[in-house]
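Tertiary structure, described
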Amino acid sequence: MSEGREQDQPDERESATRPVTAAARRERRGSARPAGRKDAAAPVKKSADADSDTEAGKGRATRSRTDQEKRPNIFARLVRYIREVVSELRKVIWPTRKQMITYTGVVLVFVAFMVALVFGLDSAFAWGMFQVFG
């Protein structure tokens, strides 16, 4: 009996010291950070170019829409999209001719089976309705 209580007590102690809310967990993580970390020890340098990528990191506010550069025109975006599509299609592993024939055959057999199944069920239900309602 006392063994059961001894096993329950460590769980209760752990849950009492564990932070319950997300804010408490963030606070606990922030206070437990070692001082030797690069991002904690070195402050973010402010440069003349506020849009520089070197400043990106935690603690920096998201740029507002007015600070962001303007979007390129529709044609430039379309050309960029087509280039990205072509580059992604180059990464695709295309099936061989033999694989395509096999896959096509499997699909055709499956479709033929489903058509036959639906036709059979439809005929059976039609026959049943004719028998019930004359």
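Here we take up the overall build of the protein chain. A count of helices and strands for the protein chain gives five helices and zero strands. Scanning the protein chain from its N terminus toward the C terminus, one meets helices and strands in the order α-α-α-α-α. Taken over 134 residues, the protein chain has a buried fraction of 1%. Carbon and sulfur atoms provide 61% of the accessible area of the protein chain, an area that totals close to 13300 Å².

On the surface, Arg 18, Arg 25, Arg 26, Arg 28, Arg 29 and Lys 58 cluster together into a patch of positive charge. Here Arg 18 is to be found in the loop between helix H1 (2-17) and helix H2 (22-31).

Before going further, it helps to spend a moment on the confidence of the model for the protein chain. Of the residues in the protein chain, 63% reach a pLDDT of 70 or more, and the chain-wide mean stands at 77. Confidence scores differ between elements of the protein chain, with helix H3 (residues 38-41) showing the lowest mean pLDDT of 52 and helix H5 (residues 97-133) the highest of 97.

Parameters at a glance
Residues numbered from 1 in each chain as written. Predicted model: local features only at pLDDT ≥ 70, side-chain atom pairs only at ≥ 80, totals over all residues. Heavy atoms only, no water. Helix = DSSP H or I, 4+ residues; strand = E, 2+ residues; numbered from the N terminus. Buried < 20%, exposed > 50% of the residue type's maximum accessible area, 1.4 Å probe, protein only. Areas by Shrake-Rupley, 256 points an atom, 1.4 Å probe, with all protein chains shown as cover. Patch = residues over 30% accessible without salt bridge, like charges linked within 9 Å, V, L, I, M, F, W, Y side chains within 5 Å. Salt bridge = Lys/Arg side-chain N within 4 Å of Asp/Glu carboxyl O. Lys, Arg positive; Asp, Glu negative; His and termini not counted. Charge placed at Lys NZ, Arg CZ, Asp CG, Glu CD. pLDDT = per-residue confidence, 0-100.

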